[in-house]
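Notes for the structure review
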Amino acid sequence: METTLHLAAVDWAIIAIYFVFIIGIGLYLRRFTKTGDDFFLAGRKNSSWVAGLAFLSANLGALEILGWTGGTMKYGMFVSHFYWVGAIPAMLFLGLYMMPFYYSSKIHSIPGYLKLRYDEKTRVLNALSFAVMTLLMSGINLYLMALVFRTILGWDWHVSMWVSAAAIGCYITLGGLMSAIFTEIVQFFLIWAGLFLVAVLGITEMGGIGALLNGLPANMSHLWSTTGSAADNSMGVTWAGIVVGLGFVLSFGYWTTDFLVVQRAFSSKDLRSARLTPITASFFKMLLPIIVVGAGLVAYKLVSTAGSGFALLPHPNNPNELWNDTALPMLIARYFPAGLVGLGITALLAGFMAGQAGNVSAFNTVWTYDIYKAVLNRNASDEHLVWMGRVTTIVGIVLSVGTAYLAMQFNTIMDYIQAIFSWVNAPLFATMLLGMFWKRTTSAGGFWGLILGMLTSFFIFLGFKFSWFSEGMVGRITFSKNPSGMTQNLWQACWAWIVCFGATVAISLVTKPKPEGELVGLVKSLTPAADTGDVPLLGRPGFWAAIALVVLVVLNVMFW
Amino acid sequence: MTTDTTPKMVSIWFLVGLILVIYGLILTGCGVYYQAHPELLTQKLGELNPSLWWGSGMAGLGAIFILFGR
């Protein structure tokens, strides 16, 4: 097939060095991976910098980079909401208020907290739903990667999928979470090295940031001024939808309860480092729109300019539709000579593999501790669990490749991802919030509230998908007459959260709570505050969280 | 008395520095070659020869990481 990017020998050499390097890291770290804590928690000896960059990198998959660069062509600067208000408050809340309960209880996973706070069945319910979600995510990640490389480079998508999956399986099987974290940090720098330059060159061609923003319609170049009415912006959402749906429910649901990212904080050497992990990551998260939104706006302007010589590729599954996700690769083709093309492709590969490795390492931990040890083999030795973790890594990789074939059935991948988050994470955030901050929450309340929340989300998803709802009903659910898929997902998450929260409270009020003695260290009102008296100001999580918050406010005001 | 035989783990910052230096040197080499053969730079803004300055920047940053992470 005809392709857009052609790789020279130097590009192939750069890609080959990347694979050799990351597999070499896995081989090197194998000698340090002996116990369960080594394999599943990277020995609990990382600094907040290491854990923080890994925390962000695990989130920085292909869907982030390509999806939102393409999304910028559709939604403009609105995409920044997903990096700023849709991420930073939740990351800071995790570091300041939730991490002490997670980290101090010495759990291996988020379901592990549910076991301590609620009961075994709540843990297994969450572990199973997380495992399914992780495999779906993993499959989508692989599918998109293969599709992109097939489209822009002509690579056989089966081969590219299996080769990258095999590399990830190899280094995680060898070195466990430490391997994942080391490679994620390497990948973080490669993503910046390879893709930041695209935005720099694009903005240079446009004549600077001012020239880039100049002439954009208001709904593309502002964050809040067009959110008074859903009809005024291309996402079809009001400020309430952004603040409540994205900024609160979806964002807090993902960043504070998704084990994929939180697992990196568990690898920290002490509580202070664990609390600083998401706070450190928040600064780098705020920088990402430079790449994603910057490149997306450049692509938008080039497409809108006659004679620019820039065009998107058609979607391979629908040749009549231009595929926005090809914006970034097409910019690489526009600006990069041989050598830099190899770096750009390596950066994309690194992005895909970082997200994939995050899924696999989280999956192997949840399976091993929260399903296998909790249900199937309660007396398993530490050595046996490490073996199980390695086997699960390989099985998880194979299952996610299988899931990739299923993912081909879905057209709008980002919307689909949001839907999965809504099923699992949005109601779970209500369960966690009540569990940590209301001692009256009971085990029965937590379990049934979570089930009702998940069912609500799933029912609304099916209702939209199969058009079960009347026009009036859609308006009452989404507060919008013509909601986009993204808006539907935001409100679907909100309703799931509300139902879970309300049901958990109601059931808790009529059922028996756990004795307070069992909740010390798990519930805020029963746990002594961490003493930070002898820590200098510059070492305090609260100080850096306040700085991050100020930066967030400034950014939002700048692009109001 | 027992002796800890576990080898000391190399710093992650050293590894980051290593890959940045390797890639930086390759790209700088490309940039030098393009400087001698500007007709090969057919991309937009090719006249800026981004391989040269971006590659040397990466190599320099990588060297700092290696020094920091030793």
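Structural notes, computed from the coordinates. (Residues numbered from 1 in each chain as written. Chains lettered and ligands numbered in written order. Predicted model: local features only at pLDDT ≥ 70, side-chain atom pairs only at ≥ 80, totals over all residues.)

**What about the overall build of chain B?**
- From N to C terminus, chain B includes 2 helices and 0 strands.
- At 18 Å, chain B has a C-alpha radius of gyration far larger than the 11 Å of a compact globule built from 70 residues.
- When its C-alpha atoms are laid out on the principal axes, chain B stretches across 70 × 15 × 15 Å.
- Across the 70 residues that make up chain B, the buried fraction comes to 31%.
- Considering only intrachain contacts with a sequence separation of at least 6, the fraction spanning at least 24 residues in chain B is 75%. (Helix = DSSP H or I, 4+ residues; strand = E, 2+ residues; numbered from the N terminus. Rg over C-alpha atoms; globule rule 2.2 N^0.38 Å. Buried ≥ 20, exposed ≤ 12 C-beta atoms within 10 Å, placed from the backbone. Contact = placed C-beta atoms within 7 Å.)

**Some points on the overall build of chain A**
- Scanning chain A for helices and strands turns up 22 helices and 2 strands.
- At 23 Å, chain A has a C-alpha radius of gyration in line with the 24 Å of a compact globule built from 560 residues.
- Counting only C-alpha atoms and orienting by the principal axes, one finds that chain A spans roughly 70 × 60 × 50 Å.
- Looking at chain A as a whole, 58% of its 560 residues are labelled buried.
- Within chain A, residue pairs in contact and separated by at least 24 positions form 85% of the contacts whose partners lie at least 6 positions apart.

**Quick look at unusual backbone geometry**
- Despite not being glycine, A:Ser467 shows a phi value in the positive range, around 55°.
- Structurally, A:Ser467 is set in the loop between α19 (443-465) and α20 (471-478).
- On the basis of neighbour count, A:Ser467 is assigned to the exposed category, with 8 C-beta atoms found within 10 Å.
- Positive phi is not limited to glycine here, since B:Leu45 has a value of about 60°.
- Relative to the helices and strands, B:Leu45 resides in the loop between α1 (12-36) and α2 (50-69).

**Side note on the interface of chain B and chain A**
- At the junction of the two partners, chain B supplies 23 residues and chain A supplies 25 residues.
- At 11 residues, α1(B) tops the list of elements feeding residues into the side of chain B that touches chain A.

**Side note on the environment of A:Ile460**
All names here are of chain A.
- Turning to its location among the elements, Ile460 is positioned in helix α19.
- Take Ile460: there are 26 C-beta atoms within 10 Å of it, and that puts it in the buried class.
- As a C-alpha pair, Ile460 and Trp495 span 35 residues in sequence and 8.7 Å in three-dimensional space.
- If we ignore the near neighbours within four places in the chain, the residues touching Ile460 are Ile477, Gln492 and Trp495.

**Side note on helix α14 (residues 289-304) of chain A**
Residues and elements named next belong to chain A.
- Here α14 is 16 residues long and its end C-alpha atoms lie 21 Å apart, about the 22 Å a rise of 1.5 Å per residue gives.
- Within α14, 12 of the 16 residues are buried, which leaves it mostly tucked inside the rest of the structure.
- For α14, the full list of buried residues reads Pro289, Ile291, Val292, Val293, Gly294, Ala295, Gly296, Leu297, Val298, Ala299, Lys301 and Leu302. (Expected span 1.5 Å × (residues − 1).)

Bear in mind that shape data such as this cannot, by itself, settle questions of function.
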